[in-house]
Amino acid sequence: MKRRLTIHLLVALAALLATTGVAAQESIAALVAKLGGEDYTVRTPAYQELRTRLGPDLAAELRKRLPEFDPSAQSVGLYLAQSLQEPDRRKTMQAFLAGKPSLLRLGAAAYLLRMGEKGLAKHIVACLESPGPDPAFSLMLGRLLGIDDAEVIDVVRSKLGKDLNVGELSMALRILAQARHEPASAIVAKLLEGEGLDDDRRARCAAFLCVMGDERGKAALVAALPGTKTWSDLYFILDQAKLLDREILDRVLERAGSLEGYELRYAIQLLVKHDHRPAAARMRDWLEGDDSEAVKAALDGLISMGEDIPREKLVALLSSKQEEVSVTAADTLRRLDDHSGLERLIVVAEKGGSAAMSATMALGKFRDRRAVPPLIRLLSSANVSVRQQAFHGLRQLFQALFPYRSFDFDATGYLAAQNDEARRAAIALIEAWWQANAKTD
């Protein structure tokens, strides 16, 4: 009879393997202080380290220090506060609600409102209507996406005007478009009729009207699109339209010719969403370029539109110097039941860097035993997001490879945000089970 290790034996094994040494760590207070600085090369690693040390001490320090920080630092701190466990999270958010009008107070109210709490719109309104110029206004609006509280939507509508910069106007219109807020249409139409709007703001107003099904938006958008300087936030408004006129899509395709990077990717996504067939030929051209975002979007777009891509082309893209392109090619081949890109994914994922996350995500989709050892190694990656994705990928992969056996991933206690020592015992459990079952059917 085949030998099987139970989770209890594996726990004992992991306890023997775990080490007791604890590396010296920078204090939570010092790390939180770094969040308040202007140097993002200091702020980012501090944030990543704090993500591994969520607990009452961090909660107390956030409550103490965040009110002193500038809006951009408060925004980062809010993400940490949202990641706390209960009751620390609720206690921290409630403390922020007691503060003066700020991004911090608004962010806490918006979060708790999404969690189902009532009576919080007054906090958001107070922050949006605080007197004087507010450099955090755009960040505040960004925290309101997806909120459809009538009182909040009304105050956002009241802020519409030609004095808003393009970022503020874009975010306000995006919120109103998500809410399908009909009363805003008359105000936006009046803005379009007036003077003083550049093509970027004019295009955003027109896009909102198109989303709302208002015919006044089409001609204005077609006229303004060629002169727009930025595209991405315009995309986020237009992406909410259920239907776009072919003439608008033709202009988007023309505009895409002068875009690059993520902005080009957004344009391609919009064209694909509305199945704009003239875009397919251009996407084949973008496959030959050096823009990794464009190549990725073009690959995905051609597949979504049911267009054939020669296998030889995909295999050639595996050796691209742009790792994101290689990852997309490997994942595309996988969807065609071709695993020839697996080894390339392993290299990219374990190398680290900007493509490691997407490579790890793609690895977890392979139903191939060769993907298991690298995913286990990636549980120790320096990047917390890669670790989380590797854990998720292993869970999926074990279910597919061993449909009649079960491994309790939750019982291992693995958490991507834990420190190295805490994770080591959980990884030993997973490794031991894999070694015991790898060669079985």
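Structure's up top.
Note that this is a predicted model, so its numbers are computed, not measured.

As for the nonpolar core
- With 151 residues, the main nonpolar core has Leu 128, Leu 144, Val 156, Trp 231 and Phe 398 as its most contacted residues.
- Sorting elements by how many residues they give to this core places helix 7 (residues 103–114) first, with 9 residues.

Describing the state of the cysteines
- For the structure shown, the criterion picks out 0 disulfides.
- In this structure Cys 210 is not part of a disulfide, and its nearest cysteine sulfur, from Cys 205, lies 11 Å away.

Section: the side chain of Glu 263
- Checked against the element boundaries, Glu 263 lands in helix 17 (residues 261–273).
- For Glu 263, which is buried and forms no salt bridge, the nearest opposite charge comes from Arg 255, at a distance of 5.6 Å.
- A polar side-chain atom of Glu 263 sits 2.9 Å from the main-chain amide nitrogen of Trp 231.
- Leaving out residues up to four positions away in the same chain, Glu 263 has contacts with Thr 230, Trp 231 and Ser 232.

Here we look at the packing of helix 13 (residues 199–211) against helix 14 (residues 216–224)
- Where helix 13 meets helix 14, the axes come as close as 8 Å, and the angle between the chain directions of the two elements is 150°. Our classification of the angle between helix 13 and helix 14 gives roughly antiparallel. Where helix 13 crosses over helix 14, the two elements pack in a sense that is left-handed. Residues Asp 199, Arg 202, Ala 203, Ala 206, Ala 207, Leu 209 and Cys 210 of helix 13 form the contact with helix 14, whose participating residues are Arg 216, Gly 217, Lys 218, Ala 220, Leu 221 and Ala 224.

Quick word on unusual backbone geometry
- Omega for the bond connecting Glu 86 with Pro 87 falls within 30 degrees of zero, at 5°, which places this linkage in the cis form.
- With respect to the helices and strands, Pro 87 occurs in the loop between helix 5 (71–83) and helix 6 (88–97).
- One non-glycine residue, Asp 337, adopts positive backbone phi at about 65°.
- With respect to the helices, strands and loops of the structure, Asp 337 is situated in the loop between helix 21 (323–335) and helix 22 (342–351).

Comments concerning helix 26 (residues 420–437)
- In this model helix 26 runs 26 Å from its N-terminal to its C-terminal C-alpha over 18 residues, within 8% of the 26 Å that 1.5 Å per residue would give.
- When helix 26 is considered as a whole, its buried residues turn out to be Arg 423, Ala 426, Ile 427, Ala 428, Leu 429, Ile 430, Ala 432, Trp 433, Trp 434 and Asn 437.

Things to note about the packing of helix 6 against helix 7
- Between helix 6 and helix 7, whose axes approach to 8 Å, the crossing angle comes to 135°. With respect to each other, helix 6 and helix 7 are oriented oblique. In this structure, helix 6 crosses over helix 7, and the sense of that crossing is left-handed. Side by side, helix 6 and helix 7 meet where Arg 89, Arg 90, Met 93, Gln 94, Phe 96 and Leu 97 of the first sit next to Leu 104, Arg 105, Ala 108, Ala 109, Tyr 111 and Leu 112 of the second.

So, how was this worked out
Residues numbered from 1 in each chain as written. Predicted model: local features only at pLDDT ≥ 70, side-chain atom pairs only at ≥ 80, totals over all residues. Heavy atoms only, no water. Core = buried A, V, L, I, M, F, W, Y, C linked by side-chain atoms within 4.5 Å. Buried < 20%, exposed > 50% of the residue type's maximum accessible area, 1.4 Å probe, protein only. Helix = DSSP H or I, 4+ residues; strand = E, 2+ residues; numbered from the N terminus. Disulfide = S-S within 2.5 Å. Lys, Arg positive; Asp, Glu negative; His and termini not counted. Salt bridge = Lys/Arg side-chain N within 4 Å of Asp/Glu carboxyl O. Polar contact = N/O pair within 3.5 Å; in protein donor to acceptor, adjacent residues only side chain to side chain. Contact = heavy atoms within 4.5 Å. Axes fitted to C-alpha atoms, helices over the stretch in contact; angles between N-to-C directions. Parallel < 35°, antiparallel > 145°, perpendicular 65-115°, else oblique. Left-handed = near helix turned anticlockwise from the far one by under 90°. Expected span 1.5 Å × (residues − 1).

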